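Breakdown of the fold
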Amino acid sequence: MEKVNFRTQVLTGHLQNHRHATTTIYPSPCVSYVPPEISEQPFSFDVSSMRKLMDGHNLGDRDWLFNLMVQSKLFNPRLRGGKVFVVPDYNHSMEQQREITMKRIEYLLDHGAFEGWLTGKGPEAEMKKFALLEVIEIFDHSLAIKIGVHFFLWGGAIQFFGTKRHHDKWLRATENYLIKGCFAMTELGHGSNVRGIETTATYEANTGEFVINTPCESAQKYWIGGAANHATHTVVFSQLNVDGNNQGVHAFITQIRDENGNICPNIRIADCGHKIGLNGVDNGRIWFDNVRIPRENLLNSVADVSTDGKYLSAIKDPDQRFAAFLAPLTSGRVTIAVSAVYSAKISLAIAIRYSLTRRAFSITANGPELLLLDYPSHQRRLLPLLAKTYAMSFASNYLKLLYIKRSPQLIKTIHVVSSAFKATLTWHNMRTLQECREACGGQGLKTENRIGQMKGEYDVQSTFEGDNNVLMQQVSKALLAEYVAAKKRNKPFKELGLEHMNRSCPVIPAQLASSTLRSTQFQNDIFCLRERDLLNRFAAEVSQYQAHGESKESAFVVSYQVAEDLGKAFSDRAILQSAIEAENNVKDASLKNILALLRSMYVLVTLEEDAAFLRYGYLSTDNAAAVRKEVAKLCSEIRPQALALVSSFGIPDAFLSPIAFDWVAANSWSTVQN
Amino acid sequence: MASSFGETDQVLVEEKSSTRIFTLNRPKQLNAASFTMVSRLLELFLACEEDPSVKLIILKGKGRAFCAGGDVAAVVRDITQGHWKLGANFFRREFILNYVMATFSKPQVSILNGIVMGGGAGVSIHGRFRVATENSLFAMPETALGLFPDVGASYFLSRLPGFFGEYVGLIGARLDGAEMLACGLATHFVLSEKLSLLEDALCKADSSDPAVISATISEFSLAPSLKEKSACHRLNIINKCFSRRTIEEIILALEREAADKEDEWISSTIQSLKKASPTSLKISLRSIREGRLQGVGKCLVREYRMVCNVMQGETSKDFFEGCRAILVDKDKNPKWEPSKLEQVTEDMVDRYFSKINDKDWEDLNLPRRLNIPPHAIAKL
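What counts as what
- Residues numbered from 1 in each chain as written.
- Chains lettered and ligands numbered in written order.
- Predicted model: local features only at pLDDT ≥ 70, side-chain atom pairs only at ≥ 80, totals over all residues.
- Heavy atoms only, no water.
- UniProt positions renumbered as here; feature names shortened; annotations may be inferred.
- Helix = DSSP H or I, 4+ residues; strand = E, 2+ residues; numbered from the N terminus.
- Buried < 20%, exposed > 50% of the residue type's maximum accessible area, 1.4 Å probe, protein only.
- Arc of directions from axis to C-beta.
- Contact = heavy atoms within 4.5 Å.
- Salt bridge = Lys/Arg side-chain N within 4 Å of Asp/Glu carboxyl O.
- Polar contact = N/O pair within 3.5 Å; in protein donor to acceptor, adjacent residues only side chain to side chain.
- Nonpolar A, V, L, I, M, F, W, Y, C, P; charged D, E, K, R; others polar.
- Patch = residues over 30% accessible without salt bridge, like charges linked within 9 Å, V, L, I, M, F, W, Y side chains within 5 Å.
- Areas by Shrake-Rupley, 256 points an atom, 1.4 Å probe, with all protein chains shown as cover.
- Lys, Arg positive; Asp, Glu negative; His and termini not counted.
- Charge placed at Lys NZ, Arg CZ, Asp CG, Glu CD.

For chain B, the name recorded in an unreviewed UniProt entry is 3-hydroxyisobutyryl-CoA hydrolase, with Forsythia ovata as its organism. Comment text from UniProt for chain B, heading Function (unreviewed entry), reads "Hydrolyzes 3-hydroxyisobutyryl-CoA (HIBYL-CoA), a saline catabolite. Has high activity toward isobutyryl-CoA. Could be an isobutyryl-CoA dehydrogenase that functions in valine catabolism." Database annotation for chain B, UniProt heading Pathway (unreviewed entry): "Amino-acid degradation; L-valine degradation."

An unreviewed UniProt entry annotates chain A as Acyl-coenzyme A oxidase originating from Forsythia ovata. Checking UniProt for chain A, the heading Subcellular location (unreviewed entry) contains the comment "Peroxisome". For the record of chain A, the UniProt heading Catalytic activity (unreviewed entry) holds the text "a 2,3-saturated acyl-CoA + O2 = a (2E)-enoyl-CoA + H2O2".

This is how it looks when you write it as structure tokens:
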């Protein structure tokens, strides 16, 4: 009986906490759901303005595409707790997922979603394409990847590696899905090291044809999205042999299926099988058995072979030729980095909304149970990730703009920034997904609640379009090259954001007060200090190894520890700068205030988490303690704005999940009966 | 809960056991919702929510209309004689009423036995049960008036099947009771001769349980058949055309359909679009598209911003022109400005969705609603 009384008191506590109305006509469930919109304080800033800032562009186009998906049965709308959610049915078999993914593409095609994706010209068309792809990703990663392979990889290869004759023949046909393209670069034996692939293309002057061949099992094309079921054409990357000379990797158009979907002669295709995610994408393996293709199928923007078998290229240096060749593929890294941020936004919106409605344990005798997000520990788990996601959202916007205004002068910067951001943002996403999954407890395990499933769906992001670790090493190498060049010529740094190296070394105050910790000046200084010092250290270490007779390459290999720290330092500093820039461009004071809080949180939590600051002494142990204290303080200051902050992500309710809303109604017995 | 006196007899109040029956009482004006009527309804609804003896509200209209809309003529008069902010007062009160109804803790049954337009839809569709009859005539005619479908229409129109909401909202299409039921604007269809029996049964049911009320109404309901020419038979073509990104593309898609075959319905649909205010069409489409992704509260806040911008008239004065041509001079020949769709730029459309630049102006401040029933929680 005592227990019953206690329970009654607890329940009364809950009710008094939220319900002032005199009548309750609906039976009050034991634990009631109170919408955060009602229990939380009114927003201190305008969420639609914040959304505009975060999404950055093409808001009307985004909303339109959300509308198209929400209103179609193909997107698996399900009613939960009175709301409609659209989420793929991940309980479908691999075959069913592939089939429905293709149907969704056809629906989007019929409704004009892809108009101008390849035939449109100029920055506006490109930004619109990015925006729509982001919306598609918010629904399902498989759908976005399948579309991305067709338009960005196959279509991009035609656009960038091909010349007019290829554009005329393929771009419109691709945009209308008259043909379905795929992109055969990776092999069983070679992934990130594209230059090592083993497939060959040999020119035969007497027939005017290339002969594409898979010489050994490790040369089979692997993970080719679209190849297993649907693709009719592929761009195949091969070592070009002309007249007995290997001219390095080149790209060729090859048909692999006829219009009826039958595999072409001398092509063998096998399935990559069931994966931990992305099962809506039909990844396949391809073997080429001396497949003959006309000379015109060489994508010849960088190099060509004449009818009589002469190799022609304006770029003599094979290294440069290869770099020029692959440069346009950065668009893949750009879209991956951006989509990683949207994935993090989805999981944070769900986990934070849930934490504003779910309670656990009371901390006072007979008191109501506490909301999850009112635990400082829960705040510490989610709010720093929220702040990082904001900073990285601005970083991804910066990256998109950088890519859009690409020019030969910007190739290096784009390569370095896109590599760094792709790695950093996708790692951040995976970490965020795991934390959010755990923060939702058991509910995070249900695929209808998205987060757990997304871990499998997005894991591949750290691998495709360049392994994250490899990319980060390339960042460090590029920084070192810049360093060596500047020192050798005794000229100031003027690229890759290294201009701060020209100024005197920043000094960090011996004691860090709260106001200092939150100042842009200090935050900038400490990030620049770290990058500067690590670059000096990396250069010193590499040159020391070289002085002992090691080659440059092996010196890099053994200096991996500093290289890794340096890559991070570059990436964090570049992210901070884009966040500061976004903040500076905002006029509205209420937005500025919250952005400043988030920026401080982003920097301070990075200081707290990255051991480099203590390892190399940029922070004293006392200051590290001050940072830690400030992070906790920032958590409590951001807490009241958490709902507004996730509401600003621009992700419609239907694309979140039942636990983000009335999870009691969504799980009630009546929903079982229906 | 005093019944009628003075001005308040714009709404008649009957108490029958635990049921309150509110009758909109301006039959000569087709029960057009005036400031007084809207205020009175709000007061009555809030009082019923507090009163534990009330279990159910029935809302109906006196005469041949349920409610023909907001009293726009009066609003325009206020604005032209005074200031647009007088108009804002009306819309603020009206939208708050819409919000209270959408989140109301007790069931509301609206008897739509006649004209239901604009503001009339706002005081009924948000409620739990909407009973259509053979006399029902529904429309959101705002785009022909230089306005846009307001009163939370961006919420409820966007939730109709496919892109039917765009069709209804942009064209100002007229729907009969059978069509209202088919598309979900109505929850039941009852012949008008059965209405008084239905009312008695509801009072007798003495219940707040939605299942009981639904079952009670169902006893009097029948399944009407759609007329042959109903737009509900045109869902395929509506989805195909009205799903397009912009008004221009919607018209183009319709014209392509028209080129394929001679079809009176398509050509009259195109005609309606061409007659409507270009500015209204563009802001209406965007409002519905945003509304489909937002809760009812956010929809009303946005619509309030929009309506204030419309009344302020800085981008276009079509609202005043529309009222002149349709309601005052009745020449039915409004001169829209801008007159062409292509003259209405993205920037101009954007302005309607922005805050009013006036330090005294505030966004719609929705009342904090406690004790919201589960089905309404989903609308937030």
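The structure having been displayed, the exposition proceeds.
A short note on the UniProt feature "domain: Acyl-CoA oxidase C-alpha1" (unreviewed entry) in chain A
Taking the numbering used here, the UniProt-annotated feature "domain: Acyl-CoA oxidase C-alpha1" (unreviewed entry) corresponds to residues 329-480 of chain A. Counting secondary structure, residues 329-480 of chain A comes out at 69% helix and 3% strand; the distance between its end C-alpha atoms is 23 Å.

Regarding helix α10 (residues 235-242) of chain B
Residue and element names in this part refer to chain B. Among the residues of α10, those classed as buried are Ile237, Ile238, Cys241 and Phe242. Angularly, the buried residues of α10 cover 105° about the axis, an arc narrow enough to put them on a single face. Along α10, the residues that are exposed and aim more than 90 degrees away from the buried face are Asn236 and Lys240. Tucked inside the fold, the buried residues of α10 contact α6 (164-171), α11 (247-260), α12 (264-275) and α13 (278-291).

Considerations on the interface of chain B and chain A
Across the boundary between the two partners, chain B contributes 36 residues, which contact 39 residues of chain A. Put simply, chain B and chain A have three salt bridges between them. For the salt bridge of aspartate 46 of chain A with arginine 305 of chain B, the shortest nitrogen-to-oxygen distance reads 3.2 Å. At the boundary of chain B with chain A, the tally comes to 11 residue pairs in polar contact (both at pLDDT 80 or more). Counting only elements with at least two residues in the side of chain B that touches chain A, the list comes to α1 (35-50), α13, α14 (296-312) and α17 (374-377) of chain B. Partitioning the side of chain B that touches chain A into residue classes produces 14 nonpolar, eight polar and 14 charged.

Concerning a positive patch on the surface
All names here are of chain A. There is a patch of like positive charges on the surface, built from Lys477, Lys488, Arg489, Lys491, Lys494 and Lys552. When residues in the positive patch are grouped by element, the largest group, three residues, is from helix α14 (residues 468-489). Here lysine 491 shows up in the loop between α14 and α15 (514-517).

Describing unusual backbone geometry
Cis geometry marks the peptide bond from glutamate 337 of chain B to proline 338 of chain B, where omega comes out at -5°. With respect to the helices, strands and loops of the structure, proline 338 of chain B is situated in the loop between α15 (318-328) and α16 (346-352). One non-glycine residue, leucine 496 of chain A, lies in the positive phi region at around 60°. Inspection of the secondary structure assignment puts leucine 496 of chain A in the loop between α14 and α15.

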